[in-house]
Amino acid sequence: MKTRKFLSLALFALVFGATSFAQKTIMVGGAAMYPAKNIIENAVNSKDHTTLVAAVKAADLVETLQGNGPFTVFAPTNAAFEKLPMGTVETLLKPENKKMLQSILTYHVIAGKMNSNDIAKAIKMGNGKAMLNTVSGGTLTASMKNKKLYITDEKGGKSQVTIADVNQSNGVIHVIDSVLLPKS
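Residues numbered from 1 in each chain as written. Predicted model: local features only at pLDDT ≥ 70, side-chain atom pairs only at ≥ 80, totals over all residues. Heavy atoms only, no water.

**Re the environment of L132**
Part 1 of the argument: With respect to the element layout, L132 can be found in strand β5 (residues 130-133).
Part 2 of the argument: On the basis of relative accessible area, L132 is assigned to the buried category, the value being 4%.
Part 3 of the argument: Each C-alpha atom, one on L132 and one on A111, is 9.6 Å from the other, the two residues being 21 residues apart in sequence. (Helix = DSSP H or I, 4+ residues; strand = E, 2+ residues; numbered from the N terminus. Buried < 20%, exposed > 50% of the residue type's maximum accessible area, 1.4 Å probe, protein only.)

In structure tokens:
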């Protein structure tokens, strides 16, 4: 009887601990990112992602990213957008460039939820590189260097994941320091 009670308590602790870990709230851009909220509900509160949120709205992708998913989103910061040539963001936000903006933004999204451990396993299985298919139909390459995760776009541009595993109700966000650009 004591053994069964001990095992029950151990199982409860294990399940509770795993649930607590999975539900960890992370600060991004000065705001708490709550695992019970969806990608959009959290992103709108990050001071570091106002450009991304404006772009998602201009591209009419809000409903999509509020959907069930799951999605893995590589979310560029405002500073990442500032690295683009002057005037690029303003041009992309114009209504006539909506298709191009949608293509760039969906290039930052992978169908399914891949946390950093999943990506690291894929990198190991790929002998140092993991090919990730994006929602836009493009490919991103994930790699590790000095225990840091990097994402390389089809043009050779490299972005470092600065905050990994920001869990959402409909996926996960990995904050990146550069905008990823598709081949086209």
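**A short note on the packing of aromatic side chains**
Part 1 of the argument: Scanning the model with the defined rule gives 0 aromatic pairs in all.
Part 2 of the argument: Over the aromatic face of Y150 sits the side chain of K158, whose NZ or CZ is 5.7 Å from the ring centroid. (Phe/Tyr/Trp six-rings, centres within 6.5 Å; stacked < 30°, edge-to-face > 60°. Lys NZ or Arg CZ within 6 Å of the ring centre and 35° of its normal.)

**As for the pattern of salt bridges**
Part 1 of the argument: Counted according to the given criterion, the structure contains 1 salt bridge.
Part 2 of the argument: A salt bridge links K98 to D60, with the nearest nitrogen and oxygen atoms 2.3 Å apart. Within this pair, whereas K98 is found in helix α7 (residues 98-106), its partner D60 is found in the loop between α3 (50-58) and α4 (62-66), the two being separated by 38 residues in sequence.
Part 3 of the argument: K98 gets classed as partly exposed once you look at its relative accessible area, which sits at 30%. (Salt bridge = Lys/Arg side-chain N within 4 Å of Asp/Glu carboxyl O.)

**Thoughts on the side chain of S46**
Part 1 of the argument: Looking at where S46 falls in the secondary structure, it is placed in the loop between α2 (39-43) and α3.
Part 2 of the argument: Aside from chain neighbours lying at most four places away, what touches S46 is V28, G29, A31 and M33. (Contact = heavy atoms within 4.5 Å.)

**Some remarks on the nonpolar core**
Part 1 of the argument: Counting residues in hydrophobic clusters, the biggest one holds 28 residues, and the most contacted among them are V56, L65, V73, L105 and I173.
Part 2 of the argument: With residues up to four places along the chain from it excluded, the contact list for L65 reads N38, I39, I40, V56, F71, V73 and N170.
Part 3 of the argument: Core analysis: the next-biggest nonpolar cluster, separate from the first, contains 15 residues, L140, A142, I151 and L180 among them. (Core = buried A, V, L, I, M, F, W, Y, C linked by side-chain atoms within 4.5 Å.)

**Describing unusual backbone geometry**
Part 1 of the argument: Each neighbour pair has its own omega, and for G69 with P70 the value is 5°, a cis peptide bond.
Part 2 of the argument: Within the secondary structure, P70 sits in the loop between α4 and β3 (71-76).
Part 3 of the argument: The backbone phi angle of N127 is positive, close to 55°, even though this residue is not glycine.
Part 4 of the argument: Here N127 shows up in the loop between α8 (116-125) and β5.
Part 5 of the argument: With relative accessibility at 74%, the residue N127 sits in the exposed group.
Part 6 of the argument: Although it is not a glycine, D165 sits at a positive phi angle of roughly 60°.

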